[in-house]
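# What the coordinates show
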Amino acid sequence: MRLEGARMDLIKKIWTARKLILVVMIPLSLLPLPLIHPCSESSCAYVLIVTAVYWVSEAVPLGAAALVPAFLYPLFGVLKSSEVASEYFKDTTLLLMGVICLAASIEKWNLHKRIALRMVMIAGAKPGMLVLGFMCCTTFLSMWLSNTSTTAMVMPIAEAVLQQLVCTGIADSLEDSLTVDTQDEESEENQDSSKNHLELLDRKHNVKHKVCMLSEEMNGLTLTPGFGPEFCKESNGYLPEAPISIPAPPKKPKIRRDSLYPTKRDHMICKCLSLSITYAATIGGLITITGTSTNLIFAEQFNNRYPEAKVINFGTWFIFSLPIALIMLMLTWIWLHCLFLGCNFRDTCSLSKKRKTRREILSEKRIHEEYQKLGPISYPEVVTGIFFILMTVLWFTREPGFVPGWTMLFEKKGYRTDATVSVLLGFLLFLIPARKPWPSAFSSESKGDDDDDDDDEEEDPLAPMITWKDFQRLMPWEIVILVGGGYALAAGCKVSGLSMWIGRQLEPMSGLPPWAVTLLACLLVSAVTEFASNPATLTVFLPILSALSETLHINPLHTLIPATMCVSFGVMLPVGNPPNAIVFSYGHVQISDMVKAGFGVNLIGVFVVMLAIMTWGEPLFHLSEFPTWALMPNVTGSL
């Protein structure tokens, strides 16, 4: 027994220290690779494998693992320290910083909450329309905010609506249990459901006699009509022994005494709405190049590897991904509706006021109350909305492609990017005052009345829209370093020639058609990303897929864009991405629910992405031909 106990303690200690053991053993076990084959390709492969294992296993934080190339590349002579350092801060970092400034202003002044509540008010409180309304507002917000921030903001609003739904359902069930069906006093039979027993009226003595007790089942239904030979006898012997026929009561919804939810349908609504928010956040992140970190990783690595391409910008990405998001949004809504709410769309999606139940009316009232708490739209919200629209318009019109953009007004070309716009507008948010420079008469009167309450604001009338603390609270520095580590790995693979070596090993796949190569890449990436972080997965696969495309003479965009989108489909497990974990923490869904629903969303995503790349993506990016700019890495790599 002591030996077994000691063995169990040893196993527990090893399991507790498993991450530390992995961090030490992986570099040591792979060290013979660069020592036996002392060349730049093997050294780069060693750094790539060690970093990838750290990312996938999360033995160390993602940001810390991204720093591995910063010291291993110089040690092995792959890149100079100054060259590696320059990879950690790129144009997309500035783009992200400008977007975070706008996101900080949106969250600080509750513009996101106003948009979400307004869209849900338009959709209504019918379960199907409520889910669709939340999905639409989450998708829209996730286009500009991070998926995690959007989910963390929308879920409390959805939870308040769900709690109202559950409380109303409990109240309804209590009212049903206390309701007494009144009948004619001269009737011989009278059923009292609240006391669960049958009373008969003796006309002769005008006395009520208790005949028998009816047991209540879990679903609130009384005994079925007819008792057969086991009938109840009258206690004083006046009534003859005869079977008593009791009319069947109307069927009521099953009340779950062992659950937090009044009925199973209420639980299904909670599951459907919770999962729809995390899926909608993922879909919204696909639409814009700044919507999620994986889009930024792809854009920067692609532009670094193919500097002559000039095909990926905010406008082209938006045109390609918007139809994908719209189709995925509708198919995902239909899938979740059929899975949790059934296929009767007429009852759950009707906009008719006559079809609304009491709980739906109360839910709408709760949403209206939350919206009223925001008050009238404020001056900072107006300024934030103007900056939001202005940033979008300037991004679209910089280089639309089909017409000259505003960059044509400048003499030197190629100096201004999307980052220029976002940083400029983000910088202005630190300067513009959050209070009206021309206060109205009403506001001046109110200031006079509330001088004691607003002393802090009067001390600094020029307080800006956002402060550095607001920006720092939202700025994902770990993602910035993670993206920089990916750029450093890509640069090392290019300079060392490892990408060319990988491409030569993949030559046997040259017999496959382009769509088959793309489909295999999508399935592989979407499977790996269920267990590893999305940015880490994409950072590992992008150089490999680029080399594969060059070897097979396929337009690199044919494989890179679908892989970038499919890496966001890690929606089957709580560890797949942060929005999944946030939704799972509310307790409405189980892992089995996420796996079942997420598998369908995965298939929908891969199907829609493949449809897009084979149809409207082909003329948009000229995917049917192998471009000349794709030959540039091979030339530079051989120098």
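Residues numbered from 1 in each chain as written. Predicted model: local features only at pLDDT ≥ 70, side-chain atom pairs only at ≥ 80, totals over all residues. Heavy atoms only, no water.

This part covers unusual backbone geometry. Here the phi dihedral of Asn110 falls at roughly 60°; this positive angle occurs in a residue that is not glycine. Mapped onto the fold, Asn110 is located in the loop between α8 (91-108) and α9 (111-123). Accessibility expressed as a relative area gives 33% for Asn110, which makes it partly exposed. Residues other than glycine seldom take positive phi values, yet His622 does so here, at roughly 55°. Its relative accessible area of 48% is what places His622 among the partly exposed residues. (Helix = DSSP H or I, 4+ residues; strand = E, 2+ residues; numbered from the N terminus. Buried < 20%, exposed > 50% of the residue type's maximum accessible area, 1.4 Å probe, protein only.)

This part takes up the confidence of the model for the protein chain. Residue-level pLDDT values for the protein chain average 75, and 76% of them are 70 or greater. Predicted confidence for residues 441-457 stays below pLDDT 50, and this span has five contacts to residues more than four positions away or in other chains. Confidence drops under a pLDDT of 50 for residues 633-639, and excluding neighbours within four residues, the segment shows eight contacts in the predicted structure. (pLDDT = per-residue confidence, 0-100. Contact = heavy atoms within 4.5 Å.)

Our next topic: the side chain of Asp470. Among the structural elements, Asp470 can be located in helix α21 (residues 468-474). A distance of 3.0 Å separates polar atoms of two side chains, one belonging to Asp470 and the other to Lys108. Setting aside residues no more than four positions away along its own chain, Asp470 makes contact with Ala104 and Lys108. (Polar contact = N/O pair within 3.5 Å; in protein donor to acceptor, adjacent residues only side chain to side chain.)

Applying the stated criterion across every chain yields a total of 13 aromatic pairs. Measuring from centroid to centroid gives 6.1 Å for Phe430 and Trp468, while their planes differ by 35°, and the two rings are tilted. Residue Phe430 is found in the loop between α18 (418-429) and α19 (441-449), and its partner Trp468 is found in helix α21; the two are separated by 38 residues along the sequence. By relative accessible area, which is 23% here, Phe430 ends up partly exposed. Geometrically, the ring pair formed by Phe430 and Phe471 is edge-to-face, given 6.4 Å between the ring centres and 70° between the ring planes. Taken as a pair, Phe430 in the loop between α18 and α19 and Phe471 in helix α21 lie far apart in primary sequence, 41 residues in all. The buried category is assigned to Phe471, whose relative accessible area is 1%. Site record: aromatic cluster; members linked through ring pairs are Phe298, Phe302, Tyr306, Trp317 and Trp629. Its guanidinium or amino end placed over the ring of Trp15, Arg18 lies 4.1 Å from that ring's centre, counting from NZ or CZ. (Phe/Tyr/Trp six-rings, centres within 6.5 Å; stacked < 30°, edge-to-face > 60°. Lys NZ or Arg CZ within 6 Å of the ring centre and 35° of its normal.)

For helix α13 (residues 293-305), with 13 residues, the first-to-last C-alpha span of 18 Å sits near the 18 Å given by 1.5 Å per residue. Considered for burial, the residues of α13 that qualify are Ser293, Thr294, Asn295, Leu296, Ile297, Phe298, Ala299, Glu300, Gln301, Phe302 and Arg305. (Expected span 1.5 Å × (residues − 1).)

All right, on to the nonpolar core then. The biggest cluster of nonpolar side chains holds 82 residues, and the ones touching the most others in it are Phe298, Phe302, Ile312 and Leu557. When residues of this core are assigned to their parent elements, the largest contribution, 10 residues, is made by α8. Dropping the residues within four chain positions of it, Leu557 is found in contact with Phe298, Phe302, Val311, Ile312, Pro562, Ile613, Phe621, Leu623 and Trp629. The next biggest cluster of nonpolar side chains, apart from the first, holds 42 residues, and it includes Leu117, Met155, Leu273 and Ile277. (Core = buried A, V, L, I, M, F, W, Y, C linked by side-chain atoms within 4.5 Å.)

Side chains of Leu10, Ile14, Leu20, Ile21, Val24, Met25 and Leu28 sit close together on the surface and give an oily, nonpolar patch of about 660 Å² of accessible area. At the level of secondary structure, the elements contributing two or more residues to the nonpolar patch comprise α1 (2-16) and α2 (18-30). Counting residues per element, the nonpolar patch draws most heavily on α2, which supplies five residues. When you line up the elements, Leu28 lands in helix α2. (Patch = residues over 30% accessible without salt bridge, like charges linked within 9 Å, V, L, I, M, F, W, Y side chains within 5 Å. Areas by Shrake-Rupley, 256 points an atom, 1.4 Å probe, with all protein chains shown as cover. Salt bridge = Lys/Arg side-chain N within 4 Å of Asp/Glu carboxyl O.)

Another aspect to go through is the packing of helix α14 (residues 314-341) against helix α28 (residues 591-614). Helix-helix packing is described using two parameters, namely the angle between the two axes and the distance between the axes. Close contact between α14 and α28 brings their axes to 9 Å; oriented N to C, the two are set at 150°. Judged on the interaxial angle alone, α28 and α14 are roughly antiparallel. Two packed elements cross with a definite hand, and for α14 against α28 that hand is right-handed. The segment α14 lies against α28, with Phe320, Ile324, Ile327, Met328, Leu331, Thr332, Trp335, Leu336, Leu339 and Phe340 engaging Lys596, Ala597, Gly600, Val601, Ile604, Gly605, Val608, Val609, Ala612 and Ile613. (Axes fitted to C-alpha atoms, helices over the stretch in contact; angles between N-to-C directions. Parallel < 35°, antiparallel > 145°, perpendicular 65-115°, else oblique. Left-handed = near helix turned anticlockwise from the far one by under 90°.)

On the secondary structure map, Pro627 appears in the loop between α29 (617-621) and α30 (632-638). Along the sequence, Pro627 and Pro556 sit 71 residues apart, while their C-alpha atoms lie 8.8 Å from each other. Residues within four places of Pro627 in sequence aside, it is in contact with Asn555 and Pro556.

Glancing now at the pattern of salt bridges. Applying the stated criterion across every chain yields a total of four salt bridges. The shortest N-O distance in the salt bridge between Asp470 and Lys108 comes to 3.0 Å. Remark: Lys108 occurs in helix α8 and Asp470 occurs in helix α21; sequence separation between them is 362 residues. Put simply, Glu550 and Arg305 hold a salt bridge, and the shortest N to O gap is 3.0 Å. Placement of Glu550 in helix α25 (residues 534-552) and of Arg305 in helix α13 is noted, with a sequence separation of 245 residues between them. Accessibility assignment for this pair places Glu550 and Arg305 in one class, buried.

With that out of the way, let us pick up the environment of Phe599. Tracing the backbone shows Phe599 in helix α28. For Phe599, a relative accessible area of 45% puts it in the partly exposed group. A C-alpha to C-alpha distance of 9.5 Å links Phe599 and Phe569, two positions 30 residues apart in sequence. With near-sequence residues (within four places) excluded, Phe599 lies in contact with Met572 and Met594.

Turning next to helix α4 (residues 40-57). With 18 residues, α4 ought to run about 26 Å at 1.5 Å a step, and its terminal C-alpha atoms sit 26 Å apart, in line with that. Those residues of α4 not exposed but buried are Ser42, Ser43, Cys44, Ala45, Tyr46, Val47, Leu48, Val50, Thr51, Ala52, Tyr54 and Trp55. Downstream of α4 by a residue or two, Glu58 has a phi angle that is positive, lying close to 55°.

Time to look at the packing of α13 against α25. The contact between α13 and α25 brings their axes to 10 Å, and the two run at 35°. Seen along the crossing, α13 lies across α25 with a hand that is right-handed. Contact with α13, carried on its side by Ser293, Thr294, Ile297, Phe298, Gln301 and Arg305, involves Asn534, Pro535, Leu538, Thr539, Leu542, Pro543, Ser546, Ala547 and Glu550 of α25 and no other residues of that element.

Mapped onto the secondary structure, Thr559 falls in helix α26 (residues 556-566). Not counting residues up to four positions away in its chain, the partners in contact with Thr559 are Val517, Thr518, Leu545 and Ser549.

Before going further, it helps to examine the state of the cysteines. Applying the stated criterion across every chain yields a total of zero disulfides. We note that Cys137 lacks a disulfide partner, and the nearest cysteine sulfur, in Cys136, lies 7.7 Å from it. Take Cys137: its relative accessible area is 0%, and that puts it in the buried class. (Disulfide = S-S within 2.5 Å.)

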